[in-house]
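# Results of the structural survey
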Amino acid sequence: MIYLDHNATTAPSPEVVTEMLDALQGAWANPSSTHAPGQRARRLLVDARTRVASFLGCQGAELVFTSGATEANHMAVRGALALARGTERRRLVLSAVEHPGLLALARRLQAEGVPVDLIPVDAQGRLDLAAARALIGPDVALVSVMGANNETGVHLPIAALAALAHEAGCPLHVDATQLVGKSHFDFAGSGIALASVSAHKLHGPKGIGALLVRKGLALQPLLEGRQERHRRGGTENLPGIAGFAAACERTAHTLSADLARMAQLRQRLESGLLQALPEARLLGDAAERLPNTCCLRFGTLDSERVLDRLERAGVVASSGAACSAGGTQPSHVLLAMGLSAAQAKAGVRFSLGRDTRADEIERALDAAVRAIAPLLAREAADTCAALD
Ligand code: PMP
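Residues numbered from 1 in each chain as written. Predicted model: local features only at pLDDT ≥ 70, side-chain atom pairs only at ≥ 80, totals over all residues. Heavy atoms only, no water.

## Points about the pattern of salt bridges
Selection criterion: By salt bridge we mean one thing: a side-chain nitrogen of Lys or Arg within 4 Å of a carboxyl oxygen of Asp or Glu. Exposure categories follow from relative accessible area, calculated using a 1.4 Å probe and restricted to protein chains: below 20% of the type maximum is buried, above 50% is exposed, and the middle band is partly exposed.
All chains considered together, the criterion is met by 19 salt bridges. With its nearest N and O atoms 3.0 Å apart, the salt bridge here joins Arg126 to Asp122. Accessibility expressed as a relative area gives 28% for Asp122, which makes it partly exposed. If you follow the salt bridges from partner to partner, you end up with Glu19, Asp47, Arg51 and Glu249 in one network.

Structure, rendered in structure tokens:
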């Protein structure tokens, strides 16, 4: 099997597994306990915090461990709205291509009376900065935008948004889940007030992540309790946190070389597919993208059919289109880019990892062309028959 679904999740690396096992076996005590085993666990927590913070370019005190990016996103949005309560800042501004969990939260908040605006994107998936400028004003409580889109890999203009938010006097939250491990992310110099991160996207464990909270921002917690400086209650997930730290260190070790290699292999895969299959279209091809991600559609072939064929040919990829009992649902990201409903059901995402090898890409390319070409030929024949 050739695994090309690293934007969904990544396999934990050996050093991650080792550190998690060590934490499970050697530091199982409660880090809040004052006895010796508790203090051993506390030391591990302090050490892991320093390692994660160093990788993300933040201070240890700015790091709040959460159960992952979904929780971090919720904490950022609900916390910022609570912070602005009683002021004229009530509006929430998001991009139209945010993660489904964040968009669902926005819909719930909207139902609760919070005004929500979505910044549109263009046909390439690039954020409409003029629209952002018009929407970000003195009544905004929070601007929340992802660093790069999980489906297309298209970057969002974080520096420009940070400047707009700064001008309007409101915080900027960035869902950096897909940025970390696929770019040189540095919280300190970013102008971002809040950032969400998830360990399982960088070969760490699932169920652990963080919200980075800029020093001085007194964000209200989602979960009350004494842990994490009263910002996130609950006994710390020490094996997860240790695994997160190991993942950060391992990622930092070879990051530049990994980014360059992934970009080269991704280029080979997408140009090979575009050359061999004239009906293939690369989505966001003119936009700045993550080095590991390409999202293509093959005519209007339903992604579910393509993915099924690919998997039978030994290639695992994915689509942003959710499958449900009623069939494939169009991807909200591709719809926001102006694709038709049929086209928005056709997006197939290939996301490479740092361990993806050149020979795997050659085999995946060959298998994909052989799997998809007959489907396209059949679709063309069906269209001709319908025209007869
Ligand atoms: N945001 C983005 C952009 C993501 O890609 C994901 C994971 N698919 C999440 C949030 C959710 O992360 P987690 O699994 O850590 O909750």
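From this point, the narrative continues.
## Comments concerning the packing of aromatic side chains
Aromatic ring pairs are described here by two measures, namely the spacing of the ring centres and the angle between the planes. Applied cut-off: Working definition: rings of Phe, Tyr and Trp (its six-membered ring) pair if their centres are within 6.5 Å, and the pair is stacked with planes under 30 degrees apart, edge-to-face with planes over 60 apart, and tilted otherwise. Runs of H or I in DSSP of at least four residues are treated as helices and runs of E of at least two as strands, each being numbered from the N terminus. Only when the NZ of Lys or the CZ of Arg is both within 6 Å of the ring centre and within 35 degrees of the ring normal is a charge said to sit over the ring.
Using the criterion set out here, one finds one aromatic pair in the structure. An angle of 70° between the planes, with centres 6.1 Å apart, marks the rings of Phe65 and Phe244 as edge-to-face. With Phe65 in strand E2 (residues 63-66) and Phe244 in helix H8 (residues 238-276), this pair connects stretches of sequence that are 179 residues apart. For Phe244, a relative accessible area of 0% corresponds to the buried category. It is Arg214 that lies over the ring of Phe187; its NZ or CZ is 4.1 Å from the centre.

## Some thoughts on the packing of helix H1 (residues 14-26) against H8
Going by this rule: As a rule, the C-alpha atoms of each element are fitted with a line to give its axis, helices using only the stretch in contact, and angles between N-to-C directions run from 0 to 180 degrees. Every angle not falling under 35 degrees, over 145, or within 65 to 115 is termed oblique; those three ranges are roughly parallel, roughly antiparallel and roughly perpendicular. Working rule for handedness: look at the near helix, and if it is turned counterclockwise from the far one by less than a right angle, call the crossing left-handed; if clockwise, right-handed. By definition, residues are in contact when any of their heavy atoms lie within 4.5 Å. Residue polarity is assigned by list, with Asp, Glu, Lys and Arg as charged and Ala, Val, Leu, Ile, Met, Phe, Trp, Tyr, Cys and Pro as nonpolar; anything else, Gly included, falls into the polar class.
Where H1 meets H8, the closest approach of the two axes is 8 Å, and the angle between their N-to-C directions is 150°. Judged by the angle between their axes, H1 and H8 are roughly antiparallel. Two packed elements cross with a definite hand, and for H1 against H8 that hand is right-handed. Along its contact with H1, which presents Glu15, Val16, Glu19, Met20, Ala23 and Leu24, the element H8 presents Leu238, Pro239, Gly240, Ala242, Gly243, Ala246, Ala247 and Arg250. Among the residues making up the contact of H1 with H8, the classes are represented as nine nonpolar, two polar and three charged.

## What about the nonpolar core?
The test is simple: We call a set of buried Ala, Val, Leu, Ile, Met, Phe, Trp, Tyr and Cys residues a nonpolar core when their side-chain atoms join them within 4.5 Å. Where a domain begins and ends is set by an automatic assignment or by a domain database.
Within the largest apolar cluster, 64 residues are counted, with the highest numbers of intra-cluster contacts made by Leu56, Leu63, Ile136, Leu172, Phe185, Leu212 and Phe244. Each of two domains, domain 1 (13-251) and domain 2 (255-387), supplies a minimum of three residues to this core. Residues in contact with Leu172, not counting those within four places in the same chain, are Leu142, Val143, Ile158, Leu161, Ala162, Ala165, Ile192, Ala193 and Leu194. Counting 29 residues, the second-largest nonpolar core is a separate cluster that includes Ile2, Leu273, Phe350 and Ile361.

## Quick notes on unusual backbone geometry
Residues other than glycine seldom take positive phi values, yet Arg229 does so here, at roughly 55°. For Arg229, the position within the fold is in helix H7 (residues 227-230). A relative accessible area of 60% places Arg229 in the exposed class. The backbone of His230 sits at a positive phi, close to 65°, despite the residue not being glycine. Secondary-structure assignment places His230 in helix H7. Judged by its relative accessible area of 52%, His230 falls in the exposed class.

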